[in-house]
Amino acid sequence: MSHLDHTPSTTGKFKIDKSPYYSRTRWHSSVAKLTLWSFLFVALIFLFFYRSPSSSSNNPPSSDPSRRYLASATWGGAAWEKRVRTSARIRSRNGFSVLVTGAAGFVGTHVSSALKRRGDGVLGIDNFNDYYDPTLKRARQALLERSGVLIVEGDINDVALLKKLFDMVPFTHVMHLAAQAGVRYAMQNPGSYVHSNIAGFVSLLEVCKDANPQPAIVWASSSSVYGLNTKVPFSEKDRTDQPASLYAATKKAGEEIAHTYNHIYGLSLTGLRFFTVYGPWGRPDMAYFFFTKDILKGKSIPIFEAANHGTVARDFTYIDDIVKGCLGSLDTAQKSTGSGGKKKGPAQLRVFNLGNTSPVPVTDLVSILERLLKVKAKRNVMKLPRNGDVPYTHANISYAQKEFGYKPTTDLQTGLKKFVRWYLSYYGDKKAAVR
């Protein structure tokens, strides 16, 4: 049990014409497609990230919180530098010095705490945006500070800040967890996904490839990249070119960007496809979290069903199991092979599924919460909306098992019990008890 739990913590064949004309036509078609997609990608970056402030002056201030924090974050000074170095100091033999981006986030907090407990040097960075209640992020920050982990307030698109941190600390590893999360929110604020998940990732990789020594990088992709796949369980070898949401598309773009920086600059990169992570200190936008809140308040909760009254199920994965996967990935990450932006040899490039391998219908999730909270949920059954959600997720974790012994051990009943205990303690709701 994590110490964070109680803290208030070929059906047919055809012959292809191989004539020179066919070959030339196919080649020109491929080039045209590549050119088109490249243009669209650059246009997205320009539209959402490099547009001038005046072009978005009519937008409300909260429309892109990541850009606001980029402009307002402050850092520097002798005292600040001392705190940075102290937090990043390695305290165990053969330990790592790790920069954790998104350290005030759900997974970031748990990973940072676990790294610190085993003696690694840990420095966090987070922009504390208001995608969900920043108060919860500040509470996580306070929790980490008590264990000696400093979170620098800043944005990963602030290249000057990133360079300053790398000048001060020779990071051996980067655990990149900062991202704009959420499938549905992408329909409201698409620019924030490009800003954080694409532009932010590139900004970080640019600094890392110029560092000497270059760090090994482990970063959060997502199970969402499997998109409209119907083959289950999902394997790392399956196709990922059918994203069902903009969030998934940006994470898929991240995997392609990682391949590029690995190929050109020799950066060691490991992507982790998380499957529906839950647990104490979780994200309020996740179903298990707001279901708990609304059940206690007597509000109805939406229960989605797939086409033809099909079941919607998720491979819910408890946070402690995810942390083990993150640390296992770090511990088996090979060194980057470049120096000063120049590649000196082939570098490691991996991607792993981190899931529980036991999909559970969302209706069962609700039933477990009802028992734990001792409150009957008001269920509002409705069709799964076309907003990027998929009906089913299921992880094949054999690759992670082979490479670093990844083996999840927490079932949904046990994990939700720990979550509810934390929720009632943190929010002070004493009306319900956990069995």
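Residues numbered from 1 in each chain as written. Predicted model: local features only at pLDDT ≥ 70, side-chain atom pairs only at ≥ 80, totals over all residues. Heavy atoms only, no water.

K.L.:
So what exactly am I meant to see when it comes to the packing of aromatic side chains here?
P.N.:
In total, this model carries 32 aromatic pairs according to the counting rule given. For the pair phenylalanine 289 and tyrosine 427, a centre-to-centre distance of 6.2 Å together with 90° between the ring planes defines the contact as edge-to-face. Placement of the pair is phenylalanine 289 in helix α9 (residues 287-297) and tyrosine 427 in helix α13 (residues 412-427), with a sequence separation of 138 residues. Centroid distance phenylalanine 419 to tyrosine 423: 5.9 Å. Interplanar angle 50°. Geometry classified as tilted. Of this pair, phenylalanine 419 and tyrosine 423 both sit in helix α13, separated by four residues, roughly a single helical turn. Under the relative-accessibility criterion, phenylalanine 419 is labelled buried at 0%. Taken together through their ring pairs, the aromatic side chains of Tyr278, Trp281, Tyr288, Phe289, Phe316, Tyr318, Phe419, Trp422, Tyr423, Tyr426 and Tyr427 make up a single cluster. If you follow arginine 138 out to its NZ or CZ, it ends over the ring of phenylalanine 128, 3.7 Å from the centre. (Phe/Tyr/Trp six-rings, centres within 6.5 Å; stacked < 30°, edge-to-face > 60°. Helix = DSSP H or I, 4+ residues; strand = E, 2+ residues; numbered from the N terminus. Buried < 20%, exposed > 50% of the residue type's maximum accessible area, 1.4 Å probe, protein only. Lys NZ or Arg CZ within 6 Å of the ring centre and 35° of its normal.)

K.L.:
Just checking my understanding: could you explain the environment of valine 152 for this structure?
P.N.:
With respect to the secondary-structure elements, valine 152 resides in strand β3 (residues 150-153). Owing to a relative accessible area of 2%, valine 152 belongs among the buried residues under this scheme. In this structure the C-alpha to C-alpha distance between valine 152 and alanine 103, which are 49 residues apart in sequence, comes to 9.1 Å.

K.L.:
Any chance you could explain the sheet that holds β3 here in plain terms?
P.N.:
What links the strands of a sheet is backbone hydrogen bonding, and the strands pair in either a parallel or an antiparallel sense. Across the sheet, seven strands lie side by side as β3-β2-β1-β4-β5-β6-β13; this open sheet has parallel pairing. Two strands lie at the open edges of the sheet, namely β3 and β13 (349-354), each paired on one side alone. Direction aside, neighbouring strands of the sheet carry axes that sit 20° apart on average. Relative to strand β6 (residues 269-274), strand β5 (residues 216-220) is paired through four bridges, and the arrangement is parallel. Residue pairing across strands places isoleucine 217 opposite leucine 269, the latter belonging to β6. Relative to the sheet, helix α7 (residues 190-210) contacts β1 (97-101), β4 (173-176), β5 and β6, its axis offset from that of β4 by approximately 180°. (Pairing = 2+ DSSP bridges. Axes fitted to C-alpha atoms, helices over the stretch in contact; angles between N-to-C directions. Contact = heavy atoms within 4.5 Å.)

K.L.:
Which parts of the structure should I look at to understand the packing of helix α4 (residues 106-117) against helix α10 (residues 319-331)?
P.N.:
Closest axis-to-axis distance for the α4/α10 pair is 10 Å, and the angle between their directions is 60°. Put simply, α4 runs oblique to α10. Classified by chirality, the crossing of α10 by α4 is right-handed. Between α4 and α10, the residues in contact are Phe106, Val107, His110, Val111, Ala114 and Leu115 and Ile319, Ile322, Val323, Cys326, Leu327 and Leu330, respectively. Residues belonging to the contact of α4 with α10 are distributed by class as follows: eleven nonpolar, one polar and no charged. (Parallel < 35°, antiparallel > 145°, perpendicular 65-115°, else oblique. Left-handed = near helix turned anticlockwise from the far one by under 90°. Nonpolar A, V, L, I, M, F, W, Y, C, P; charged D, E, K, R; others polar.)

K.L.:
Which parts of the structure should I look at to understand the packing of helix α3 (residues 78-88) against helix α6 (residues 159-168)?
P.N.:
For any two helices packed against each other, the geometry is given by the interaxial angle and the distance between the axes. Relative orientation of the contacting elements α3 and α6 amounts to 65°, with a least axis distance of 10 Å. In the crossing of α3 with α6, the sense of the turn from one axis to the other is right-handed. Where α3 approaches α6, its residues Trp80, Glu81, Val84 and Arg85 are matched on the opposing element by Leu161, Lys164, Leu165 and Met168. Considered class by class, the residues forming the contact of α3 with α6 number five nonpolar, no polar and three charged.

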